[in-house]
Amino acid sequence: MATNAFLPVARPWIDEREVQAVRRVLESGWLTQGPMVEAFEREFAQFVQTPYACAVSSCTTALHLALRAVGVGPGDEVITVSHSFIATANSIRYCGAVPVFADIEPGTFNLDPTCLDSLISQRTKAVLCVHQMGMPCDMARIVPWARAHGLAIIEDAACAIGSEIFWDGRWEKIGKPHGDAACFSFHPRKLLTTGDGGMITTARKDIEEKCRLWRHHGMSVPDAVRHASPHVVFESYETLGFNYRMTDIQAAVGREQLRKIPQIVSRRRLQVQRYREMLNSVVNIVFPEEPPWARSNWQSLCVRLPVLCDQAKVMQFLLEKGIATRRGIMCAHREPAYFQEPWSCGLGPGACGCPPGTCKRLKHSEEAQDRGLILPLFHDLTEEDQRRVVETLQEACARC
Ligand SMILES: *Cc1c(COP(=O)(O)O)cnc(C)c1O
């Protein structure tokens, strides 16, 4: 029987396992960064096959610390994409540095490596590349280019837990460092959620040591260690730090969620394959590309609407039928927080001459935002639900 229950874009998969895990932490008497955070870090590192994992309060704070740890500071430039959640570009500005925006490849929604040569300057310090919506970006082209220019590489892997990239002849998880550090998000829109939370993975001991110190006010002794010591311990504050801690409550949820990731990812890959087949019948809908060297976790599925379709009208029609969607990923350079500033088009003050909020150099980024449509995709979404989404979308497009 077909039901017409409201279909959200995303919904975390939480059950009694997470509830019990939280209960145990609450009853233990130790609530913030402690043994659960440590265990979560160990299991996460094992899962993505990295030597070090450092848990923090969000991906935004993870990005801030990772950029700072590779030495990004005031006046430096960092090459990234505008077509991302605003936290990506914001993290660069937190360091006092300047984001320089590359355009994207329309098929994958990821940084177009052919833009890189035109964006480098004397001040470029790093590349902050994004695995957008879980689709691995072209690390095989970005990494050698950045290394040849002596730049650090930070991966915004906010959406990419469980995604894989073909590297050196085998499939590797995103988070196994292919650059200097990768940063994950545990916001409820991502596949693994702790409410809020983040993780930095790296193979560089110096980066992990800095991140550990800075996430906890620059304090020389973590308070769980001081608490457990049989001797009186006086801490010192070595450097300016932050309060970017994850709590043990969050980490306990994260550990349960991590165990579910293989199941979540394989279900999503199946659901996306189903969408692909069903959407074949909808004229002029463009499906995203998955390059042969990439296996997306499909954190979001963003299709492109036909040129003649009005995005807002299609979304409204679907919403009235009880189906939530989202437009394509935002572009930072089109937001007031950015277009009033000199870095809006990535060419430096006044260099590009485009009107505020538009940039001919970021054409594919803007098009992806304006024509993209993110469809409902979550663990409990049924084949029946998917058919309803596709049929309703077909109806909406027929009215364009
Ligand atoms: C969600 C997201 C972030 C921010 O993650 P938080 O954990 O909410 O700080 C950063 N970058 C990308 C690409 C994201 O999708």
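Residues numbered from 1 in each chain as written. Predicted model: local features only at pLDDT ≥ 70, side-chain atom pairs only at ≥ 80, totals over all residues. Heavy atoms only, no water.

For the rest of this paragraph, the subject is the state of the cysteines. What the rule picks out here adds up to one disulfide. Disulfide pairing places Cys309 opposite Cys400 at an S-S distance of 2.4 Å. Residues Cys309 and Cys400 are joined through a disulfide that is right-handed, its torsion about the S-S bond being 110°. With Cys309 in the loop between strand S11 (301–304) and helix H10 (311–320) and Cys400 in the segment after helix H13 (383–398), the pair connects residues that are 91 residues apart, well separated along the chain. Overall, the relative accessible area of 13% leaves Cys309 in the buried class. Overall, the relative accessible area of 43% leaves Cys400 in the partly exposed class. (Disulfide = S-S within 2.5 Å. Helix = DSSP H or I, 4+ residues; strand = E, 2+ residues; numbered from the N terminus. Buried < 20%, exposed > 50% of the residue type's maximum accessible area, 1.4 Å probe, protein only.)

Okay, the sheet that holds strand S13 (residues 372–375) next. Here three strands make up an open sheet; going across it, the order is S11-S13-S12 and the pairing antiparallel. The two strands at the open ends of the sheet, each matched to only one other strand, are S11 and strand S12 (326–327). Pairing of S11 with S13, which is carried by four bridges, proceeds in the antiparallel orientation. Paired with Val303 across the two strands is Leu373, which belongs to S13. Its contacts with the sheet place helix H12 (residues 363–371) against S11, S12 and S13, and it is angled at close to 50° to S13. (Pairing = 2+ DSSP bridges. Contact = heavy atoms within 4.5 Å. Axes fitted to C-alpha atoms, helices over the stretch in contact; angles between N-to-C directions.)

Next up on the list: the packing of aromatic side chains. Tallied over the entire structure, the rule returns seven aromatic pairs. With centroids separated by 5.8 Å and ring planes inclined at 70°, the aromatic side chains of Phe44 and Phe186 adopt a geometry described as edge-to-face. Residue Phe44 is located in helix H2 (residues 35–48), and its partner Phe186 is located in the loop between strand S8 (181–185) and strand S9 (198–202); the two are separated by 142 residues in the primary sequence. Taking relative accessible area as the criterion, Phe44 reaches 0% and is therefore assigned buried. Cluster of aromatic residues (ring-pair linked, three or more members): Phe40, Phe44, Phe184 and Phe186. Residue placement shows Lys260 over the ring face of Trp13; its charged tip is 4.5 Å from the ring centre. (Phe/Tyr/Trp six-rings, centres within 6.5 Å; stacked < 30°, edge-to-face > 60°. Lys NZ or Arg CZ within 6 Å of the ring centre and 35° of its normal.)

Once that is clear, we can look at unusual backbone geometry. For Met133, which is not glycine, the phi dihedral falls at a positive 55°. With respect to the helices and strands, the residue Met133 is situated in the loop between strand S4 (124–130) and helix H6 (139–148). Judged by relative accessible area, Met133 falls into the buried class, the value being 4%. Positioned with a positive phi, His217 is a non-glycine residue whose angle comes to about 65°. The class for His217 is partly exposed, based on a relative accessible area of 34%.

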